[in-house]
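What the coordinates show
One letter stands for each residue in the lines below.
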Amino acid sequence: MSDPLRLGTRKSLMATTQSQIVADRLTALTGREVRLVGVTTFGDVTKANLTQLGGTGVFVSELRNKLIEGEIDFAVHSLKDLPTTPDERILIAAIPPRDDPRDALVSAAKLSDLPSGARIGTGSPRRVAQLRMIRPDLDYVPIRGNADTRIGKVTSGELDGVVLAAAGLGRLGRDGDISQVFEVDEMLPAPGQGALALECLAARTDLIELLSAVDDPRTRAAVTAERSVLAALEAGCAAPVGAFASGDGHILNLTATVVAVDGVRSVRKSTSGPSPAAMDLGRELAAAMIAEGAGTLMGEQAH
């Protein structure tokens, strides 16, 4: 009998819930037992704003260290937290089928029905910029904390609403708190939003083959295109970049946007092409966006 695989995960309820979903799926498909190993990351303990820290990669580095030190066999991340710069020692061995990629509002009302000056909490410049395009008259408040903490700020009346990833709320069974799900044509998600990534050491060819049992090629192609846009724009996970790709397994449709933090100016472009060329598709779209001034808008965000 093989020893259980050690799955490294952040200790938050969201992280352990989605890691357990992956563990159960992997066991069901391969018969291999999986044990969760909780890891505290710098992103979990710091009180600093994620934007100041340079994005959500702060949640990733400690899990990668545990992989390299041999304390865990593989790690599960929210794909939108993964830096786009590759680490040659580590490989994304699997990307399971994606959950809902969209953003969701937790409030007593829809965004259009909130009174002018209502306070909306979100830690994401991408969400703030796109929300300002829809409702420039609302007050957008930076927040940190897990989903329960954020939703609690609405329940207590401290905020009128918070915007979170629909997938995360679904995994936690908090769908009932959602007052509105934003369609991708009104708010483009973060690249990779709603998808999970399984990482292991590139040298573990036996493990790569085992983990591939939960890989979904259609999801992988879509998120590869989205993250390629982000990488080509040289943007971190906290940048005001939205991207979404979908396809039938053969042709991929990709849309991306960069929105100035004031929500007034934006560059938004779409393209389509064969799924195997997902990486090139993202790069080409980013180049077209830069030609239309996307880099200028992102430069303003950085200052």
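So, how was this worked out
- Residues numbered from 1 in each chain as written.
- Predicted model: local features only at pLDDT ≥ 70, side-chain atom pairs only at ≥ 80, totals over all residues.
- Heavy atoms only, no water.
- Helix = DSSP H or I, 4+ residues; strand = E, 2+ residues; numbered from the N terminus.
- Rg over C-alpha atoms; globule rule 2.2 N^0.38 Å.
- Contact = heavy atoms within 4.5 Å.
- Areas by Shrake-Rupley, 256 points an atom, 1.4 Å probe, with all protein chains shown as cover.
- Core = buried A, V, L, I, M, F, W, Y, C linked by side-chain atoms within 4.5 Å.
- Buried < 20%, exposed > 50% of the residue type's maximum accessible area, 1.4 Å probe, protein only.
- Salt bridge = Lys/Arg side-chain N within 4 Å of Asp/Glu carboxyl O.
- Expected span 1.5 Å × (residues − 1).
- Arc of directions from axis to C-beta.
- Pairing = 2+ DSSP bridges.
- Axes fitted to C-alpha atoms, helices over the stretch in contact; angles between N-to-C directions.

A few points about the overall build of the protein
Of regular secondary structure, the protein possesses 11 helices and 13 strands. Taking 303 residues into account, the globule formula puts the C-alpha radius of gyration at 19 Å, and the protein, at 19 Å, falls close to it. Along the first, second and third principal axes, the C-alpha atoms of the protein reach 60 × 45 × 35 Å. Relative to all contacts within the protein whose residues are 6 or more apart in sequence, the contacts with residues 24 or more apart total 70%. Surface exposure of the protein reaches about 13,300 Å², of which carbon and sulfur atoms provide 51%.

Comments concerning the nonpolar core
Side chains of a nonpolar character, in soluble globular proteins, are inclined to be buried together. Of all hydrophobic cores here, the largest spans 23 residues; its most connected members are V229, L233, L252, L254, V258 and M289. Each residue touching L252, except ones within four places of it in the same chain, is listed here: A221, A222, A225, A245, S246, G247, T271, S272, G273, S275, A278 and L281.

Some thoughts on the pattern of salt bridges
Taken as a whole, this structure holds 22 salt bridges when the rule is applied. Note that D73 is salt-bridged to R204, the shortest N-O span being 3.3 Å. Of this pair, D73 sits in the loop between α4 (61–68) and β3 (74–78) while R204 sits in the loop between β10 (196–201) and α8 (205–211), and the two are 131 residues apart along the sequence. Relative accessible area serves as the criterion here: at 9%, D73 is assigned to the buried category. As a salt-bridge pair, R127 and D103 come within 2.7 Å of each other at their nearest N and O atoms. One end of the pair, R127, is in helix α5 (residues 125–134); the other, D103, is in strand β5 (residues 103–107), with 24 residues separating them in the sequence.

Points about helix α10 (residues 278–291)
Helix length check: α10 (14 residues) gives 20 Å between terminal C-alpha atoms against 20 Å at 1.5 Å per residue, within 8%. Considered for burial, the residues of α10 that qualify are A278, L281, G282, L285, A286 and M289. Mapping the buried residues of α10 onto a view down its axis gives an arc of 130 degrees, with all of them on the same face. Away from its buried face by more than 90 degrees, α10 exposes E284 and A291. Residue G293 follows α10 closely and has a positive phi angle near 100 degrees.

Things to note about the sheet that holds strand β12 (residues 251–259)
Whether parallel or antiparallel, the strands of a sheet pair through hydrogen bonds between backbone atoms. What the 3 strands build is an open sheet, ordered β11-β12-β13; its pairing is antiparallel. Looking at the sheet topology across the chains shown, the edges are occupied by β11 (241–247) and β13 (266–274). Within this sheet the neighbouring strands show an average axis-to-axis angle of 10 degrees, counted without direction. The sheet contact formed by β11 and β12 spans 7 bridges and is antiparallel. Its bridge partner being in β12, F244 is matched across the sheet by T255. Across the sheet, α5 is in contact with β11, β12 and β13; its angle to β12 comes to roughly 85 degrees.

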